[in-house]
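# Examining the three-dimensional arrangement
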Amino acid sequence: MGRKNKKGRSQKDASLDDDENTFEGEIDRLSEDHTIAESITSLADDFEADTDAEEIEDLIITGSAGDNSQAAASNRHARCIDSLNTVEDLITEKRSARREAGLRRLFRAVTHFGSTNTISPYQPEVLSLCIQSIRGGKPAEQYAACRLLEAWAVVLGADHDDFFESIETPLRRALGMAIRAPLVRIAALRAFTLSNFICASDDMSTESLLDLCEEVAAKEYRNHAVPALLRAAALECWALLSTTIDDFYISGSNDDHNGRGLILLPLIQECLEGEASLELRSAAGECLAIIHEARVNLGDIDGENGTERRYGQGGWENSEWEETMDCLQQNIVHISNQSGHSISKKAKKEQRAIFREYVSTIVDGEFPQQSVSFRGGTLTLTSWKEVVQLNFIRHCLQGGLQTQILTNPTLQSIFSADGHVLNSDGH
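What comes next is a walk through the structure. (Residues numbered from 1 in each chain as written. Predicted model: local features only at pLDDT ≥ 70, side-chain atom pairs only at ≥ 80, totals over all residues. Heavy atoms only, no water.)

### Side note on the overall build of the chain
Of the regular secondary structure elements, the chain holds 22 helices and six strands. For the chain, the residues scored as buried account for 50% of the 427 residues in total. In the chain, 68% of the contacts between residues at least 6 apart in sequence involve partners at least 24 apart. For the chain, the accessible surface area stands at approximately 20,500 Å², while carbon and sulfur atoms represent 46% of it. (Helix = DSSP H or I, 4+ residues; strand = E, 2+ residues; numbered from the N terminus. Buried < 20%, exposed > 50% of the residue type's maximum accessible area, 1.4 Å probe, protein only. Contact = heavy atoms within 4.5 Å. Areas by Shrake-Rupley, 256 points an atom, 1.4 Å probe, with all protein chains shown as cover.)

Spelled out as structure tokens, the structure:
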């Protein structure tokens, strides 16, 4: 039960301290088009006015002409430190707009110039600033704080359970409050998910977070209708976390166990069949592709009775899920060819492109191939697990993605990338 209000304590303040409260009131507003890149100066503004975009990219990734990698790293470190040194002033800043602008600048500095060694000494102050902003800031400030925490997790890297544990409670509370702007709740869930994916090593915390994603992806959460965009984000988060789990626990089944993905199929079907938004349909299709890929992968296991194992677990034939999958396949084929005037031409084109990729895997048995080009080579991804991971991290880092893949050991491990090769001049 929620605690009773103390004298002189507002209902809104009480709701910030107790995530079991169901606060009734006007929902905070934040445009669905709002992004972390708004209302801040461009990356070029941090450099000399006569420095063009190509020279900026060269400075970020390799250093100026003639510099070695050590000089480039020194440049990035100095740029990041300049921004991190403003954190203490932001903590005492009274104006929400100023704090928001500062959080945006920190996001840009961390994603473009940050490294584990650079940001780690500033972690206590940054956590204090972000938690303060999430608790009491205006929606745009709350959103910026969540995005900074999400990016911080990626740059900080693996095996930092303390960071994940320190942000778990404030992010759960932000997500659980129906009064918060949907975009803030989405940012909180994505930060919570990516910090678990990157930093946490406890399997139980991942299982708990998967449970949460499944609850939020439903039509109602804590007796409140869930906005379509938040449901879509919950499914995207579920897809990312599912890439850390053995295929059998996603799509396998026996007398004692049904995989998480199999249990999720009715919800996916509801999202695809209903008058859902493009974002929700796309997220549902992505989850279905992950589930199907995991099911097919189970058929690759050799050993005694291997043929029988491949037939029973590597496909859907003769399983209790066969009829459901047949229906889902028909749904995604229909969506990939949808016509009519119910959606705009632009949305229709985007929907067809997205769902034809799902059809290629789920119906035609082909797997995706996505590439990211660097000056020294190409990073090629050939599974839905890798594609989901890349898309989630790309959304987080935005323009800092390539810099981090070239310099971040955790991302290089995830994508089996060699930063020295990708950053070479191609000779």
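### What to know about a negative patch on the surface
On the surface, a cluster of negative charge is contributed by Glu32, Asp33, Glu279 and Glu350. Structurally, Glu32 is set in the loop between α1 (11-17) and α2 (53-61). When its relative accessible area of 62% is taken as the criterion, Glu32 is described as exposed. (Patch = residues over 30% accessible without salt bridge, like charges linked within 9 Å, V, L, I, M, F, W, Y side chains within 5 Å. Salt bridge = Lys/Arg side-chain N within 4 Å of Asp/Glu carboxyl O. Lys, Arg positive; Asp, Glu negative; His and termini not counted. Charge placed at Lys NZ, Arg CZ, Asp CG, Glu CD.)

### A short note on the nonpolar core
Ranked by size, the top nonpolar core spans 118 residues in total, and within it Trp152, Leu235 and Ile268 carry the most contacts. Per-element tally for this core: the top contributor is helix α8 (residues 139-156), with 13 residues. Apart from residues no more than four positions distant in its own chain, Trp152 is found in contact with Leu84, Val110, Ile119, Tyr122, Gln123, Val126 and Phe163. (Core = buried A, V, L, I, M, F, W, Y, C linked by side-chain atoms within 4.5 Å.)

### Some thoughts on the packing of helix α12 (residues 228-242) against helix α15 (residues 278-297)
Relative orientation of the contacting elements α12 and α15 amounts to 20°, with a least axis distance of 8 Å. The orientation of α12 relative to α15 falls into the category roughly parallel. The hand of the α12/α15 crossing is left-handed. Every residue of α15 that contacts α12 at Ala228, Leu229, Arg231, Ala232, Leu235, Glu236, Trp238, Ala239 and Ser242 is listed here: Glu279, Leu280, Ala283, Ala284, Glu286, Cys287, Ile290 and Ile291. For the contact of α12 with α15, the residue count by class is 12 nonpolar, one polar and four charged. (Axes fitted to C-alpha atoms, helices over the stretch in contact; angles between N-to-C directions. Parallel < 35°, antiparallel > 145°, perpendicular 65-115°, else oblique. Left-handed = near helix turned anticlockwise from the far one by under 90°. Nonpolar A, V, L, I, M, F, W, Y, C, P; charged D, E, K, R; others polar.)

### As for the pattern of salt bridges
Considering all chains together, one arrives at 12 salt bridges under this definition. Arg172 is paired through a salt bridge with Glu168; the nearest N and O atoms lie 3.4 Å apart. Remark: Glu168 and Arg172 occur in helix α9 (residues 161-176); sequence separation between them is four residues, near one turn of the helix. Judged by its relative accessible area of 24%, Arg172 falls in the partly exposed class. Taken together, the shared-partner salt bridges connect Arg147, Glu150, Arg190 and Glu236 into one network.

### Focus on unusual backbone geometry
The phi angle at Asn223 is positive, at roughly 65°, despite the residue not being glycine. Its location among the elements puts Asn223 in the loop between β1 (220-221) and β2 (224-225). A positive phi angle, close to 60°, is found at Asn318, a residue other than glycine. If you trace the backbone, Asn318 turns up in the loop between α16 (306-313) and α17 (322-336).

### What to know about the pairing of strand β6 (residues 377-381)
Of the pairings in the sheet, the one linking strand β5 (residues 370-374) to β6 comprises five bridges and is antiparallel in character. Following the sheet pairing, Ser373 is matched in β6 by Thr378. Hairpin connection, β5 to β6: the antiparallel pair is bridged by two residues. (Pairing = 2+ DSSP bridges.)

### Regarding helix α19 (residues 384-397)
The end-to-end C-alpha distance of α19, which contains 14 residues, comes to 20 Å, matching closely the 20 Å that a straight helix rising 1.5 Å per residue would cover. Residues Trp384, Val387, Val388, Gln389, Leu390, Phe392, Ile393, Cys396 and Leu397 constitute the buried set of α19. (Expected span 1.5 Å × (residues − 1).)

### Focus: the environment of Arg356
Mapped onto the secondary structure, Arg356 falls in helix α18 (residues 345-362). Here Arg356 falls in the partly exposed class, since its relative accessible area comes to 44%. When the C-alpha positions of Arg356 and Ser336 are compared, they lie 5.5 Å apart, and in sequence the two are 20 residues distant. Every residue in contact with Arg356, bar those within four places of it in the chain, is listed here: Ser336 and Asn337. Polar contacts involving the side chain of Arg356 include one to the main-chain carbonyl oxygen of Ser336, which spans 3.4 Å. (Polar contact = N/O pair within 3.5 Å; in protein donor to acceptor, adjacent residues only side chain to side chain.)

### A short note on the side chain of Ser205
By the secondary structure assignment, Ser205 is in helix α11 (residues 203-216). Of note is the side chain of Ser205, whose polar atom sits 3.1 Å from the side chain of Asn196. Residues in contact with Ser205, not counting those within four places in the same chain, are Phe164, Asn196 and Ala200.

### Considering the state of the cysteines
As enumerated under the stated definition, the model contains zero disulfides in all. There is no disulfide at Cys271, and the cysteine sulfur nearest it, in Cys287, is 8.6 Å away. (Disulfide = S-S within 2.5 Å.)

### A few points about the packing of α12 against α19
Two elements in contact, α12 and α19, have axes separated by 9 Å at closest approach and are oriented at 125°. Relative to α19, α12 is oriented oblique. Considering only the axes of α12 and α19, their crossing is left-handed. Contacts from Glu236, Cys237, Ala239 and Leu240 of α12 reach α19 at Val388, Gln389 and Phe392. Partitioned by chemical class, the residues of the contact of α12 with α19 number five nonpolar, one polar and one charged.

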